[in-house]
Amino acid sequence: MSGRYRAVFFDLGGTLFSYREVGRWTFGALQAAARELGVEAGGREIGRAYRDASRETNERYVDRAYYLHRDLFRDTFRSFAERLGGEPTEAFLDFSEAALRESLVGNMVLREDCIPTLRALKSKGLYLSIVSNIDDDHLIPMVANSGLDELLDHWTSSEEARSCKPDPGFFRLALAKAGCEPEHVLFVGDSPTHDVQGAKDVGMTAALIVEGDEKPPLQSGRPTVAPDHEIAALSDLIALVEPG
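To keep things clear, this report deals only with the structure shown in the data block. Just so it is clear, the structure is predicted and the values come from calculations on it, not from any experiment. (Residues numbered from 1 in each chain as written. Predicted model: local features only at pLDDT ≥ 70, side-chain atom pairs only at ≥ 80, totals over all residues. Heavy atoms only, no water.)

1. Digging into helix H2 (residues 43–61)
Here is the rule we go by: Numbered from the N terminus, helices here are DSSP runs of H or I no shorter than four residues, and strands are runs of E no shorter than two. Expected helix span is taken as 1.5 Å per residue step, with the number of steps being one fewer than the number of residues. Using a 1.4 Å probe on the protein chains alone, a residue whose accessible area is under 20% of its type maximum counts as buried, one over 50% counts as exposed, and one in between counts as partly exposed. Directions from the helix axis toward the C-beta atoms define the arc. Note on contacts: a residue pair is in contact if any heavy atoms of the two residues lie within 4.5 Å.
Its 19 residues place the ends of H2 27 Å apart at the C-alpha level, agreeing with the 27 Å of an ideal helix rising 1.5 Å per residue. Taken together, the buried positions of H2 are Ile46, Ala49, Tyr50, Ala53, Ser54, Thr57 and Tyr61. Looking down the long axis of H2, one finds its buried residues gathered within 130 degrees of arc, a one-sided arrangement. More than 90 degrees from the buried face of H2, the exposed residues found are Arg44 and Glu59. Where H2 is buried, its residues touch helix H1 (22–37), helix H3 (69–83) and helix H4 (90–107).

2. What to know about the nonpolar core
Going by this rule: Here the nonpolar core consists of buried residues drawn from Ala, Val, Leu, Ile, Met, Phe, Trp, Tyr and Cys, with membership extended through side-chain atoms lying within 4.5 Å.
Phe10, Phe80 and Leu148 are the most contacted members of the largest nonpolar core, which has 54 residues in total. Not counting the four nearest positions on each side in its chain, Phe80 is found in contact with Leu30, Ala33, Ala34, Ile46, Ala49, Tyr50, Ala53 and Phe92. Core analysis: the second largest hydrophobic core is formed by 19 residues, Tyr127, Ala161, Val202 and Met204 among them.

3. A closer look at the packing of H1 against H2
The line we're drawing: Lines are fitted to the C-alpha atoms to define the axes, a helix being fitted only along its stretch in contact, and any angle between axes, read from their N-to-C directions, falls within 0 to 180 degrees. Just so you know how the angles are binned, under 35 degrees is roughly parallel, over 145 roughly antiparallel, 65 to 115 roughly perpendicular, and the rest oblique.
Remark: H1 packs on H2, axes separated minimally by 10 Å, with the N-to-C direction vectors making an angle of 100 degrees. Comparing their axes, H2 and H1 come out roughly perpendicular. Here Phe27, Leu30, Gln31 and Ala34 of H1 come into contact with H2, specifically with Gly43, Ile46, Gly47 and Tyr50.

4. Some words on the pattern of salt bridges
Our working rule: Every case where a carboxyl oxygen of Asp or Glu lies within 4 Å of a side-chain nitrogen of Lys or Arg is listed as a salt bridge.
Applying the stated criterion to the full structure yields 19 salt bridges. Note that Asp153 and Lys122 form a salt bridge whose closest N and O atoms lie 2.5 Å from each other. Residue Asp153 is located in the loop between helix H6 (136–146) and strand S3 (154–157), and its partner Lys122 is located in helix H5 (residues 114–123); the two are separated by 31 residues in the primary sequence. Given a relative accessible area of 30%, Lys122 falls into the partly exposed group. With a shortest N-O distance of 3.0 Å, Lys200 and Asp228 are connected by a salt bridge. Within this pair, whereas Lys200 is found in helix H9 (residues 192–201), its partner Asp228 is found in the loop between strand S5 (205–209) and strand S6 (229–231), the two being separated by 28 residues in sequence. You can call Asp228 partly exposed: its relative accessible area is 37%. One network of salt bridges, with partners in common, ties together Arg70, Arg74, Asp75, Arg78, Glu90, Asp94, Glu97, Arg101, Asp135, Asp137 and Glu159.

5. Notes on the packing of H2 against H3
Our working rule: By definition, any crossing whose near helix is turned counterclockwise from its far helix by less than a right angle is left-handed, and any crossing with a clockwise turn is right-handed. Three classes are used, and their members are as follows: Ala, Val, Leu, Ile, Met, Phe, Trp, Tyr, Cys and Pro are nonpolar, Asp, Glu, Lys and Arg are charged, and the others, Gly among them, are polar.
The interhelical angle for the contact between H2 and H3, taken along N-to-C directions, is 135 degrees, at an axis separation of 8 Å. Considered as vectors, H2 and H3 are oriented oblique to each other. For the crossing formed where H2 meets H3, the hand is right-handed. Where H2 approaches H3, its residues Ile46, Ala49, Tyr50, Asp52, Ala53, Ser54, Glu56, Thr57, Asn58, Arg60 and Tyr61 are matched on the opposing element by Asp71, Leu72, Asp75, Thr76, Phe77, Ser79, Phe80 and Arg83. Of the residues that constitute the contact of H2 with H3, the class distribution is 8 nonpolar, 5 polar and 6 charged.

Shown next as C-alpha cells:
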C-alpha cells in the first residue's frame, strides 16, 4: 500500500473523462432531436433552448438524494421541445434520450494522462474505483470501451447504488465494496458539491481536479467545504499518494 491511502475513488465525467469537447459532441444529438420534433430552428435557437431547459430541469433535480439520469434527460428534452414550440411525445423522448446517450458514450475521451496515472497507482497496490452519478447504460459501456475495466477493481453507478452524490449512501456502498475505511480513501472529482462535499462528509480525503473554466453539471450553488487538495492533472495524484 502507499502511505495512508489504501484506495483511490474517482468520479467519471469531468475527472477520468474530460468535458472539454462535450458541447461539440452533443450538439449533433440536439439537432437530430429538433428534426425529430419537426420544427425548423437554427443552431443558436437550438442551443439556447437546450441550455435553458437544462438549467430549469437541473434546478428541480439538484437536491434529490436519488434519481435516474434517463429521467433527468427526458425531462430536459421535454422542456427543450416545449421551448421550440413542439410536442414532446414519448416517441420523441425515446429518440432524444437515445441520441444523447449514443453521443456521450461514443465520443467522450479519457484525459491523456488517465491510463498512465491509473497504472502508476495500481502498481502501488492501491484499490481503484469509479463512483459516478450516471445510469448503468452509460457507465458500463464507457468503462468497457475505454479499457478502464482492465485497471479498476470496481465501478458503481448511482443507478446501482440508488443514491446520487453527494448523498452519503453512495459513498458508503463504494466503501463497502472496497472493504476500506473512509480515512484510507482519496476521492478525486471535479464537483465541489458532489465529490468534495460528499466525500468529506463521510470522512474521506478529497482532491478537486480543475480544468480551466469548465463547470460540472448539477451544482447546487450552496457553499461547500474546501478540498484537501486541488490538482490540474490526474498525474498530480502520484505524488499525493506517496508516504510522507
